[in-house]
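Coordinate analysis (summary)
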Amino acid sequence: MFATDLTKNKFQSNDFPADLFAAIKELKKELNAVILAHYYQDSDIQDIADYIGDSLGLSQKAAATNADVIVFAGVHFMAETAKILNPDKLVLLPDLEAGCSLADSCPPKEFAAFKADRPDHIVISYINCSAEIKAMSDIICTSSNAVKIVQQIPQETPIIFAPDKNLGRYVMEQTGRDLVLWEGACIVHETFSEKKIIELKIDHPEAEIIAHPECEQVVLRHADYIGSTTALLKYSQQSSSREFIVATEPGIIHQMQKQTPNKQFIPAPSTNNCACNECPYMRLNTLEKLYLAMKNRTPEITISEQIQKAALKPIQKMLELS
Ligand code: 13P
Ligand code: SF4
C-alpha cells in the first residue's frame, strides 16, 4: 500500500511564515477547513486543532462536519475513515506515510481467505484497519465501543474480531463471548514492560495504572482502569488519585496535564530503554507538514468508489450502535 519511511522531513526555516499558528488559522478560514487531531499527535498540533479526540469521537466529528476540507492530524486509516464518510470533501493528511502497524498486520488478501473459511461468522473490525478490510466487515468498532457493540450481537451469532488480538481478548473477557481473533497487534502498545511498570508502582505506590485495551494481557492485569484514550483522559480527571502510570502513547499526557495540571502523569516504560511508546507513524505529522498540506491542498486521501461504498455501511452501523 504505502511504504513507511519513519524519518521526519527536514525543512528550511525560511520555507515557513514566522508565525505558523497564525498562518494555519488564516488557511483554515480560506479553505473553510476543520482540523481534527488524535491525542497521539505532537502537542503543538493538538493545540491548533478544532477538535481532539479518540477514534470514535473523530469519526463522529468527521460525519457531522459542515467544513469543505477536513485536515486530519492522525494516521492514514483515520483520514481514510473521514473520506469514506465524506467522499465529496477534500481530506488532507499532512504525511501520507503516517500508517499503522496494526492496520498493516491485516493484509486484505489473507483476511479474505480467513473470512471465507468461516462463512457463518459476522466480521467486527476495529477501526484501525484499511478501507479494504472495512469493506469486508459487517460492523466497525473502536476501543471505546467494542464491548458495547459485541454485547448487541445475538449470542448464537459467531463473530470474527479483527485485527487487534489484544483488544479482542479484552472484549472476550468483558463480554464472556468466544470470538475468533485475527492475530494482529500494535507495536506501540506491545512495547510496555510489565516488569518496569511493577517497579514504577513500587516507587509510586499511590499511583493508579491506567491502560489502553490494545496493551497485552500481562499489562492489563495490573491496570486499575482500562479504556480508550478519551476514557483514560476522563478517568484521570474524575479520579481522586494524584498520580497515574499511563500505559498508552504518551501524546495523551499533554491533554491530561492541561486538564489537571496539579496531577502527575508518568508514561509507562518500554521494554528497551527507547522512546518506543511514541507512535512513530502518528509522530510523522508535524505543524510544518500540516501548514504545507493546507497551503498546497495535498497530500489528499483518495479511495475507489466501490471500496468507499462497501466500507461506509459497517462504519454507519457502528455510529448507529454507539
Ligand atoms: P483510540 O483512539 O480508540 O483510543 O485508539 C488508540 C489508537 O491506537 C489509535 O491508533
Ligand atoms: Fe497504529 Fe498503534 Fe500507532 Fe495506534 S498507536 S496508530 S494502533 S501503530
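Attention in this report is confined to the structure presented alongside it. None of these values were measured; they are calculated from a predicted model.

Position of Phe-265 relative to the elements: it lies in strand E12 (residues 264–267). Separated by 20 residues in the primary sequence, Phe-265 and Ile-245 place their C-alpha atoms 6.1 Å from one another. Not counting residues within four places of it along the chain, the set of residues in contact with Phe-265 comprises Ser-236, Phe-244, Val-246, Ile-253, Met-256, Gln-257 and Thr-260.

The next subject is the site of ligand 1. For ligand 1, the set of nearby residues contains 14 residues, the closest of which are His-38, Ser-55, Ser-143, Glu-214 and Thr-229. Contact between ligand 1 and Asn-128: an oxygen atom at 3.2 Å from a side-chain N or O atom of the residue. Here an oxygen atom of ligand 1 sits 2.8 Å away from a polar atom, N or O, in the side chain of Thr-229. Taking 300 Å² as the accessible area of ligand 1 by itself, protein coverage stands at 97%. Judged by the fraction of its atoms near the pocket grid, ligand 1 is located in the largest cavity. Grouping the amino acids of the shell around ligand 1 by side-chain chemistry returns 4 nonpolar, 8 polar and 2 charged.

So, on to the pattern of salt bridges. Under the defined criterion, the tally for this structure stands at 9 salt bridges. The partner of Glu-199 in a salt bridge is Lys-195, and the shortest N-O contact between them spans 3.3 Å. Separated by 4 residues within a single helix, Glu-199 and Lys-195 lie in helix H10 (residues 194–203), roughly one turn from each other. Note on Glu-199: relative accessible area 38%, which makes it partly exposed. Taking the relative accessible area as the measure of exposure, Lys-195 reaches 61% and is therefore exposed.

The next point concerns the pairing of strand E5 (residues 122–126). The element E5 is extensively covered by neighbouring structure, given that 4 of its 5 residues are classed as buried. Relative to strand E7 (residues 159–162), E5 runs parallel, the two sharing 4 bridges. Looking at the pairing, Ser-125 lines up with Ala-162 of E7. Sheet topology note: the E5/strand E6 (residues 139–141) ladder contains 3 bridges and is parallel. Of the residues in E6, the one forming a bridge with Tyr-126 is Cys-141.

Attention now goes to the packing of aromatic side chains. One pair of aromatic rings is described through two measures. These are the centre distance and the angle between the planes. Scanning the entire structure with this criterion turns up 6 aromatic pairs. Look at Phe-111 and Trp-182: their rings are 5.6 Å apart centre to centre, the planes differ by 75°, and that puts the pair in the edge-to-face class. One end of the pair, Phe-111, is in helix H6 (residues 108–116); the other, Trp-182, is in the loop between strand E8 (179–181) and H10, and 71 residues separate them in sequence. Here Phe-111 and Trp-182 have matching classes, each one buried. Their ring planes at 5° and their centres at 4.2 Å tell us that Tyr-225 and Tyr-235 sit as a pair that is stacked. Of the two residues, Tyr-225 sits in strand E10 (residues 225–226) while Tyr-235 sits in helix H12 (residues 229–238), which places them 10 residues apart along the sequence. A relative accessible area of 26% places Tyr-225 in the partly exposed class.

What follows covers unusual backbone geometry. In this structure, Pro-163 follows Ala-162 across a cis peptide bond, with omega equal to -10°. Along the chain, Pro-163 falls in the loop between E7 and helix H9 (165–175). Geometrically, the link from Thr-298 to Pro-299 is a cis peptide bond, its omega value of 0° lying close to zero. Residue position: Pro-299 is located in the loop between helix H14 (287–296) and helix H15 (305–321). Residues other than glycine seldom take positive phi values, yet Asn-32 does so here, at roughly 50°. Structurally, Asn-32 is set in the loop between helix H1 (20–31) and strand E1 (33–38). For Asn-32, a relative accessible area of 37% puts it in the partly exposed group.

Rules of the game
- Residues numbered from 1 in each chain as written.
- Chains lettered and ligands numbered in written order.
- Predicted model: local features only at pLDDT ≥ 70, side-chain atom pairs only at ≥ 80, totals over all residues.
- Heavy atoms only, no water.
- Helix = DSSP H or I, 4+ residues; strand = E, 2+ residues; numbered from the N terminus.
- Contact = heavy atoms within 4.5 Å.
- Near = heavy atom within 4 Å.
- Polar contact = N/O pair within 3.5 Å; in protein donor to acceptor, adjacent residues only side chain to side chain.
- Areas by Shrake-Rupley, 256 points an atom, 1.4 Å probe, with all protein chains shown as cover.
- 1 Å grid on protein atoms, 1.4 Å probe; cavity = no way out; pocket = protein on both sides within 12 Å on 5 of 7 lines; lining within 4 Å.
- Sits in = over half its atoms within 2 Å of the grid points.
- Nonpolar A, V, L, I, M, F, W, Y, C, P; charged D, E, K, R; others polar.
- Salt bridge = Lys/Arg side-chain N within 4 Å of Asp/Glu carboxyl O.
- Buried < 20%, exposed > 50% of the residue type's maximum accessible area, 1.4 Å probe, protein only.
- Pairing = 2+ DSSP bridges.
- Phe/Tyr/Trp six-rings, centres within 6.5 Å; stacked < 30°, edge-to-face > 60°.

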